[in-house]
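Structure at a glance
Below, each chain spelled out in residue letters.
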Amino acid sequence: MSRAWPVYLALLVLVLALGGFVWLSRFPESPAVESAESWPLAGPWIAELRRGYLPPEPPEPQREPAEGAAAEPVVPAGPIDLTGSQNAAGRIPKPGDGDAGELWLGPGDRLYRGRSESSPVVAEVDAFSRVLVLERRGAWRRVRTDRRQEGWVRPIERARAGEPPLGNAPEPARPLPGQAPDPERLEAALDLLGVGGPAGEIGPYPLFTDVVDVGLVTTLDRLAGDLERAYFGRYGRSPRGQAREAVVLFDAERAYRRFQNLETPLVGLPASGHAAAGLVALYRGERRRDELHETLVHEVVHLLNRRALGPALPPWLDEGLADDLASCRIGPAGGLDISKLGGSTVTEGDRKRYFGPPATLRLLAYSLDRDALPSLAELTALDWQGFVRSDLRDLYYAYSGFFVRYLLEGEGGALADPFRRFLAAVSEGDSAAPASLWFALGREAASLDAGFAEWVRAEAAARADYEPPSAPVGPGDGTIGP
């Protein structure tokens, strides 16, 4: 018997190996099989064998680049911080999000070096954020975070009886304090600018720039310094705490496009500027000075929205507030007159050129005349991707900004107080969903459609420089950007 035990042991090992092979071939997505991939000796062999029995992965969808996309090489760096202005989807993330290349992670989710919970932990998520999906293997996803950390995660474990990861009674998103610039983003900006530190301040924000124009910087300083006052006067909300963000102003559009492409959700968008990760970025290039002023206002309002209302606004509201305040008249000294519409009209021989709000107004009037304006119910239901990646992107920005202006100034101001009460409720954690807006206004969306259309036509007709367009028009040189 003592001489036969090696034979019995070999037979036992063979039986166990054959049983393991059968189990692997029938259940390649089993957690037990996935865990076996991390074994010191057999793990690589198991992983290679298992790969042949996994179901084929669905192909990643290809996204066509937007017209006018920058010619710079795309450098994917993961999505932006969702506590910033780009978290405009305004919805609770659900299990299964991200099948088209993005994924929501929630507090407690861990990124592992390998496809096993026994693998070393790369990072642990402490707040809801959207990450880029790089690869799929069964129930596991290899992802990249906004801080360029890569690892494997099993998002399916977050789904419990179909509940969203926050549960059925989530803590509402409330206003957040100022956000210091992300060190990696700021370092990348400084490399592109070729500067080593701030050139000064504009309002409460440190300014990093390679622009040498004292007059321009002085005007931007006065403008940025006036925005919190104007924001409160317009919307009745005061941003929480002190500003901690910074502004990056590029002289060349080419340098800005390279910086823009570090934010994966913004790649290919014809943006004039953007706000993310504690930074406002914009460029001067060959743009008109008043357009640059409007862009600064638009992007800084995103920072103020985060501090005054919260980080999870739907895009029509986040972009609408930003475009509305940027549409106010900017004085020669840099102050904002929130009671008047800004922009300009230039006559060149027999031709008129419209810039800013006048161009936006013509776009809306043209769309109304041709029954091409979506309903308010459609506009307010859009998520961020549907808003900025649509062929109607320019129209959505124009529509949102003037819808906010209509709520504040239309119908003799009858909707202004209800709208400000809606904003106050959102800042206290109430829902910003369309149903909450209609309830606060005491109106149905359909009646607001009619009121808005009548108001736009009246506003357009009241302008002495207005000429009805006879061909499709764009928003001119107005502020259009994330």
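For the structure itself, look to the data block above.
Remember, it's a predicted structure, so these values are computed and weren't measured experimentally.

With respect to the environment of F422
Here F422 lies in helix α14 (residues 416-427). Given the relative accessible area of 3%, F422 is considered buried.

Some details on the pairing of strand β9 (residues 246-250)
Extensive coverage of β9 is indicated by the burial of 5 of its 5 residues. Residues of β9 alternate between two faces, with A246, V248 and F250 on one and V247 and L249 on the opposite face, all of them buried. The pairing of strand β8 (residues 205-209) with β9 spans 3 bridges and is parallel. Bridging across to β9, L207 finds its partner in V247. Across 5 bridges, the pairing between β9 and strand β11 (residues 279-283) is parallel. Bridge assignment links A246 to a residue of β11, and that residue is L279.

Quick word on the packing of aromatic side chains
Going through the model one piece at a time under the given rule, you end up with 16 aromatic pairs. Aromatic pair Y231 and Y235: ring centres 5.0 Å apart, planes at 75 degrees, arrangement edge-to-face. Taken together, the positions of Y231 and Y235, both in helix α6 (residues 227-235) and 4 residues apart, correspond to about one turn of that helix. Residue Y235 is classed as buried on the basis of its relative accessible area, which comes to 1%. Aromatic ring contacts, followed pair by pair, group W316, Y399, F402, F403, Y406, F452 and W455 into a single cluster. Across the ring face of W152, the terminal group of R115 is positioned such that the distance to the ring centre comes to 5.0 Å. Just above the ring of Y283 sits the side chain of R287; from NZ or CZ to the centre is 4.8 Å.

Focus on the pairing of strand β13 (residues 336-341)
The pairing of strand β12 (residues 328-330) with β13 spans 3 bridges and is classified as antiparallel. Bridge pairing in β13 places R329 opposite D337. Between β12 and β13, which pair antiparallel in sequence order, lie 5 residues; one of them, G334, sits at a positive phi of approximately 110 degrees.

Quick notes on the packing of helix α9 (residues 315-326) against helix α13 (residues 393-409)
For the pair α9 and α13, interaxial distance at closest approach is 7 Å and the crossing angle is 75 degrees. Relative to α13, α9 is oriented roughly perpendicular. For the pair α9 and α13, the contacting residues are W316, E319, G320, L321, D323 and D324 in the first and Y397, A398, S400, G401, F403, V404, R405 and L408 in the second. Within the contact of α9 with α13, the residues separate by chemical class into 7 nonpolar, 3 polar and 4 charged.

Looking at the side chain of D324
Counting through the fold element by element, D324 comes out in helix α9. At 2.9 Å, the side chain of D324 forms a polar contact with the side chain of R234. Apart from residues lying up to four places away in sequence, D324 is in contact with R234, Y235, G401, V404, R405 and L408.

Regarding the pattern of salt bridges
Here the structure, examined in full by the defined rule, presents 23 salt bridges. Between R405 and D324 there is a salt bridge; the shortest N-O distance is 3.5 Å. Of this pair, R405 sits in helix α13 while D324 sits in helix α9; the two residues are 81 residues apart in sequence, bridging distant segments of the chain. Using a relative accessible area of 3% as the deciding quantity, one classes R405 as buried.

Rules behind the numbers
- Residues numbered from 1 in each chain as written.
- Predicted model: local features only at pLDDT ≥ 70, side-chain atom pairs only at ≥ 80, totals over all residues.
- Heavy atoms only, no water.
- Helix = DSSP H or I, 4+ residues; strand = E, 2+ residues; numbered from the N terminus.
- Buried < 20%, exposed > 50% of the residue type's maximum accessible area, 1.4 Å probe, protein only.
- Pairing = 2+ DSSP bridges.
- Phe/Tyr/Trp six-rings, centres within 6.5 Å; stacked < 30°, edge-to-face > 60°.
- Lys NZ or Arg CZ within 6 Å of the ring centre and 35° of its normal.
- Axes fitted to C-alpha atoms, helices over the stretch in contact; angles between N-to-C directions.
- Parallel < 35°, antiparallel > 145°, perpendicular 65-115°, else oblique.
- Contact = heavy atoms within 4.5 Å.
- Nonpolar A, V, L, I, M, F, W, Y, C, P; charged D, E, K, R; others polar.
- Polar contact = N/O pair within 3.5 Å; in protein donor to acceptor, adjacent residues only side chain to side chain.
- Salt bridge = Lys/Arg side-chain N within 4 Å of Asp/Glu carboxyl O.

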